[in-house]
Amino acid sequence: MPQRTHGPNNPTPQEWLAEDLSLQYIADYKAFNFVDGEGVRCSLYVSGCPFHCPGCYNVAAQNFHYGKPYTQELEDQIIADLSQDYVQGLTLLGGEPFLNTQVCLKICKRVRREFGHTKDIWSWSGYTWDELLKDSDDKLEMLSLLDILVDGRFLEEQKDLTLQFRGSANQRIIDVPKSLKAHQVVIWDKLVR
Ligand code: SF4
């Protein structure tokens, strides 16, 4: 069982697995937004997040039953939206993308197949970088397909609304390819604050 504290839940490595938890439900899809990362983005909000951070920005999406099933039609729509020249990339958030890898791996692989690296992929996660590296193969595979990971739980005691793209100071905007190559966390080089 996750350790219960006054803050978010803290799983042990590989304690939570998408194959056990995910119903492959989607809380929301927002095409052409400006807030979920750099540039114009298409954002997929997956359902289900057992971190249960106090003060979570999207409590409804903590429930794995929330929303509606992911469909091929939605995926085709996302790909069509991403094909617009002015769209920079795909954003995955939720809920917990790394506990919905059936959906997130599928869309990430399709983005790479159809667009190569001409579109970028950002994902948020309640897991930290170090936790993901110790976790299941599906999580590691998903990490390898990302450009940017915004990592870590939302911690109310470190809440700071002035930060770029994150709610608390413990969270980091990580350049994933550079970090994997360097075997250490490399922060996004466009970080302002
Ligand atoms: S990790 Fe994110 S989505 Fe999950 S409970 Fe915490 S703030 Fe909410």
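Structure: above.
This report concerns the structure included in the present document. It should be emphasised that the depicted structure is a prediction, and the values quoted were computed from it without experimental measurement. (Residues numbered from 1 in each chain as written. Predicted model: local features only at pLDDT ≥ 70, side-chain atom pairs only at ≥ 80, totals over all residues.)

## Re the sheet that holds strand S5 (residues 120–124)
Sheet strands associate in pairs through backbone hydrogen bonding, adopting either a parallel or an antiparallel arrangement.
Reasoning step 1: In space, the 7 strands of this open sheet follow the order S3-S1-S2-S4-S5-S6-S7, with mixed pairing throughout. Pairing within the sheet leaves two strands with one partner each, and these edge strands are strand S3 (68–69) and strand S7 (172–175).
Reasoning step 2: Against the sheet, helix H2 (residues 72–82) makes contact with strand S1 (25–33), strand S2 (40–46) and strand S4 (87–93), and its axis sits at roughly 15° relative to S1, the strand it touches most. (Pairing = 2+ DSSP bridges. Helix = DSSP H or I, 4+ residues; strand = E, 2+ residues; numbered from the N terminus. Contact = placed C-beta atoms within 7 Å. Axes fitted to C-alpha atoms, helices over the stretch in contact; angles between N-to-C directions.)

## A word on the nonpolar core
Reasoning step 1: Within the largest apolar cluster, 42 residues are counted, with the highest numbers of intra-cluster contacts made by Val46, Leu90 and Ile148.
Reasoning step 2: Elements supplying a minimum of two residues to this core: S1, S2, S4, helix H3 (101–115), S5, helix H5 (137–144), strand S6 (148–151) and S7.
Reasoning step 3: Each residue touching Ile148, except ones within four places of it in the same chain, is listed here: Gly37, Asp120, Trp122, Ile173, Ile174, Asp175, Val176 and Trp188. (Core = buried A, V, L, I, M, F, W, Y, C linked by C-beta atoms within 7 Å. Buried ≥ 20, exposed ≤ 12 C-beta atoms within 10 Å, placed from the backbone.)

## Some remarks on unusual backbone geometry
Reasoning step 1: With an omega of 5°, the peptide bond between Gly94 and Gly95 qualifies as cis.
Reasoning step 2: The residue Gly95 is located in the loop between S4 and H3 in this model.
Reasoning step 3: With a phi close to 65°, Gln14 is a non-glycine residue in the positive phi region.
Reasoning step 4: As for its placement among the helices and strands, Gln14 is situated in the segment before helix H1 (18–21).
Reasoning step 5: Assessed through the 11 C-beta atoms surrounding it within 10 Å, Gln14 is described here as exposed.
Reasoning step 6: A positive phi angle, near 50°, is found at His52, a position not held by glycine.
Reasoning step 7: Among the secondary structure elements, His52 is positioned in the loop between S2 and S3.
Reasoning step 8: What makes His52 partly exposed here is the crowd of 15 C-beta atoms within 10 Å.

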